[in-house]
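# Coordinates in review
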Amino acid sequence: MTKQTRFMAVVALALYAAAVRANGADMALKHSDVVFMYASPDDVYRAYGATFVGWGGASSGEDVKRHHDLGIRCTGSMWCLTAGAKLIHENAEIRNACAVDIEGKPVEVPWLFDHTHEGTKSYFGCTNNPAFREHCRREVERCMKGGADGLHVDDHLGVASPAWYFGGGLCDYCIAAFREYLKENVPADELAKAGVADVNTFDYRDLIRKRAATREEYKKVQRQIPLMNHFLEFHAQAAAEHVKLLGEIAAKTAGHTVTLSANAGLPDKAHTYVIKYLTHIICEVGQNAHSGTVKIHHAIEAYELATKLGKPLAATASGWDWALVKEKKLETLPRFWIALAYAHGQRFMVPHPNNQWCFTDKLGTHWYQAPVEAFAPIYRFIRKNAECFDDFETASAEGVKVSEKVHVTVRKNERTGAPALHVLNLDYAAAEDRMLPAQNVAITLPEGLLPKDAKQAHILSYDAEPAAVELKRDAGSCAIILPELRLWSVIVVE
Ligand SMILES: [Zn+2]
């Protein structure tokens, strides 16, 4: 290699590395990452083996340094939901930048019914209105000025949320932007069919008012109004572009490449548009706590969708789930949620020791303090066995047979092709909040899933010492007998 070609190779390598950094690929969450939602004291981080804070807690340089000294990446956090009742009350420009309905009335955030200021409610901000966009920009600059590793955007849908669900998204700015969207994306004959005489002067609200004059009427007939699919699509795409812009502002403010995450509630469709711009997803995934382990398909669907979209996800349960955990002092069920997420290659955020959000219609927002000793061991187990998580990717569980009280996922070592099986007990006694242990659990695998010369499997659990079992091969299949299944066992075949 000549000096010149060596120089060119170095340049090419540097350019490649910069490109990888630029799209955040090397910043993605790992399967074994232990993610906190919010900042916590040093001793709590150490107890859990924390590696990432997903939802803020690092708005000053001092905060960022504290996290880095502990080996933890951290994020700045802001939301696109509302400017808040106080600011809306005091600032006319912000007040005029709220999401409005077909009557021009501001749309309140339903779950912030108890957040008012001198009679002013918490109204959705309109992320298509320049004044609210400027407000969001300032919020990003505020939370990123300490040089955090990433930006987390909460309520990333902005005005798309009231547009999809609460009868909003109909201010002059939204209507003007929708007009441009129609011009670019919808064929003239489709517009004509919907009754649009001239797209250049078209006001969608005129078309709506022929069918609904009030928010209540509108909400009843919304999905039947012509062009509504385009209207919702426009809003979701505009919200996604806004989040992308906030990510650029964040990188500029921090002075380096940043991760970009949003509270994108998969598998809901409105939340899928932004995914392409994110490095990872931080979100609530409903666990149907009231049904114990019976209705876990929704959570599994969310984890599998994130995998399919190629974006790491760090989940927490919904406010309703946590309210039940707090009320019944549940520990086993949340441990099951943690295991379920990691078994599907995703992460479940550490139940927060001070501020785990709970919500019920009766109690509104309230908080759960998760006991560290109840949940830290399972996370320490994950950190200790990080290579059994990070080296493995999702594989098909087709042909794997187990009893119906057991849930199995198959992960595959990217280098060797050897499988790791995550075996979860579904036999949950809700009244006692415990798993009924099962003895001699048989797992039958198609022979093709195993390396040819594999003879042994290693059983790893957070609540027992590692153990080894023999593989029992028989005419095209192979059985592993797990001596005891309590909550979660990871079986690594070598
Ligand atoms: Zn608007």
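Everything below is about the structure shown above.
### Focus: the coordination of the zinc ion
For the zinc ion, the full set of protein donor atoms is Cys 126 (SG), Cys 171 (SG) and Cys 174 (SG), at a range of 2.2 Å. Counting along the primary sequence, the residues that act as donors to the zinc ion give the motif C-x44-C-x2-C. Of this pair, Cys 126 sits in the loop between α5 (92-95) and α6 (130-144) while Cys 171 is found in the loop between α7 (160-165) and α8 (172-185), placing the two residues 45 residues apart along the sequence. Given a relative accessible area of 10%, Cys 171 falls into the buried group.

### Here we look at the packing of aromatic side chains
The final tally for this structure, using the stated rule, is 28 aromatic pairs. Arranged with centres 6.4 Å apart and planes meeting at 40 degrees, the rings of Phe 231 and Phe 234 form a pair that is tilted. Residue Phe 231 and its partner Phe 234 are both found in helix α12 (residues 228-254); the two are separated by three residues, about one turn of the helix. For Phe 234, a relative accessible area of 4% translates into the label buried. Taken together, a centroid distance of 6.2 Å and an interplanar angle of 85 degrees make the contact between Tyr 342 and Phe 389 edge-to-face. Taken as a pair, Tyr 342 in helix α15 (residues 332-343) and Phe 389 in helix α17 (residues 387-390) lie far apart in primary sequence, 47 residues in all. The exposure class assigned to Tyr 342 is buried, which follows from its relative accessible area of 1%. For Phe 389, a relative accessible area of 3% corresponds to the buried category.

### Some details on the pairing of strand β5 (residues 259-262)
On β5, burial covers both faces: Thr 259 and Ser 261 on one face and Leu 260 and Ala 262 on the other are all buried. Pairing between strand β4 (residues 150-154) and β5: four bridges, direction parallel. From the neighbouring strand, Leu 151 faces β5, where its bridge partner is Leu 260. Here β5 pairs with strand β6 (residues 280-284) via two bridges, running parallel. Within the sheet, the bridge partner assigned to Ala 262 lies in β6 and is Ile 281.

### Remarks on the pairing of strand β10 (residues 364-368)
Pairing between strand β9 (residues 356-360) and β10: five bridges, direction antiparallel. Along β10, the bridge assignment pairs Phe 359 with Thr 365. Connecting β9 to the next strand, β10, in antiparallel fashion are three residues.

### Observations concerning the nonpolar core
Counting residues in hydrophobic clusters, the biggest one holds 127 residues, and the most contacted among them are Leu 151, Tyr 204, Phe 231, Phe 348, Tyr 379 and Trp 488. Ranked by residues supplied to this core, first place goes to α12 with 13 residues. If we ignore the near neighbours within four places in the chain, the residues touching Leu 151 are Thr 75, Gly 76, Met 78, Val 140, Cys 143, Met 144, Leu 246, Gly 247, Ala 250, Thr 259, Leu 260 and Ser 261. If you look at the next biggest cluster of nonpolar residues, it comprises 23 residues, including Val 408, Val 441, Val 469 and Ile 480.

### Let's talk about α12
Its 27 residues give α12 an end-to-end C-alpha distance of 39 Å, which sits within 8% of 39 Å, the value for a rise of 1.5 Å per residue. Once α12 finishes, Gly 255 follows within two positions and takes phi at roughly 85 degrees, a positive value.

### Description of the state of the cysteines
Per the stated rule, a full pass over the model turns up zero disulfides. You can see Cys 136 has no disulfide; the closest cysteine sulfur is in Cys 80, sitting 4.2 Å from it. Note on Cys 136: relative accessible area 0%, which makes it buried.

### Details of the packing of α8 against α12
Across the interface, α8 lies against α12 with an axial gap of 10 Å and an inter-helix angle of 105 degrees. With respect to each other, α8 and α12 are oriented roughly perpendicular. Between α8, through Cys 174, Ala 177, Phe 178, Tyr 181 and Leu 182, and α12, the contact on the second element is made entirely by His 230, Phe 231, Glu 233, Phe 234, His 235 and Gln 237. When grouped by side-chain class, the residues that make up the contact of α8 with α12 number seven nonpolar, three polar and one charged.

### Remarks on the side chain of Thr 75
Turning to its location among the elements, Thr 75 is positioned in strand β3 (residues 73-79). Judged by its relative accessible area of 0%, Thr 75 is buried. Within the structure, Thr 75 has its side chain in polar contact with the backbone oxygen of Val 53 (distance 2.9 Å). A polar contact is formed between the side chain of Thr 75 and the backbone nitrogen of Trp 55, at a distance of 3.4 Å. Excluding residues that lie within four positions of it along the chain, Thr 75 makes contacts with Phe 52, Val 53, Gly 54, Trp 55, Gly 56, Gly 57, Ala 58, Ala 148, Gly 150, Leu 151, His 152 and Thr 259.

The rules behind each value
- Residues numbered from 1 in each chain as written.
- Predicted model: local features only at pLDDT ≥ 70, side-chain atom pairs only at ≥ 80, totals over all residues.
- Heavy atoms only, no water.
- Donors = N, O, S within 2.8 Å, 3.2 Å for Na, K, Ca; no water.
- Helix = DSSP H or I, 4+ residues; strand = E, 2+ residues; numbered from the N terminus.
- Buried < 20%, exposed > 50% of the residue type's maximum accessible area, 1.4 Å probe, protein only.
- Phe/Tyr/Trp six-rings, centres within 6.5 Å; stacked < 30°, edge-to-face > 60°.
- Pairing = 2+ DSSP bridges.
- Core = buried A, V, L, I, M, F, W, Y, C linked by side-chain atoms within 4.5 Å.
- Contact = heavy atoms within 4.5 Å.
- Expected span 1.5 Å × (residues − 1).
- Disulfide = S-S within 2.5 Å.
- Axes fitted to C-alpha atoms, helices over the stretch in contact; angles between N-to-C directions.
- Parallel < 35°, antiparallel > 145°, perpendicular 65-115°, else oblique.
- Nonpolar A, V, L, I, M, F, W, Y, C, P; charged D, E, K, R; others polar.
- Polar contact = N/O pair within 3.5 Å; in protein donor to acceptor, adjacent residues only side chain to side chain.

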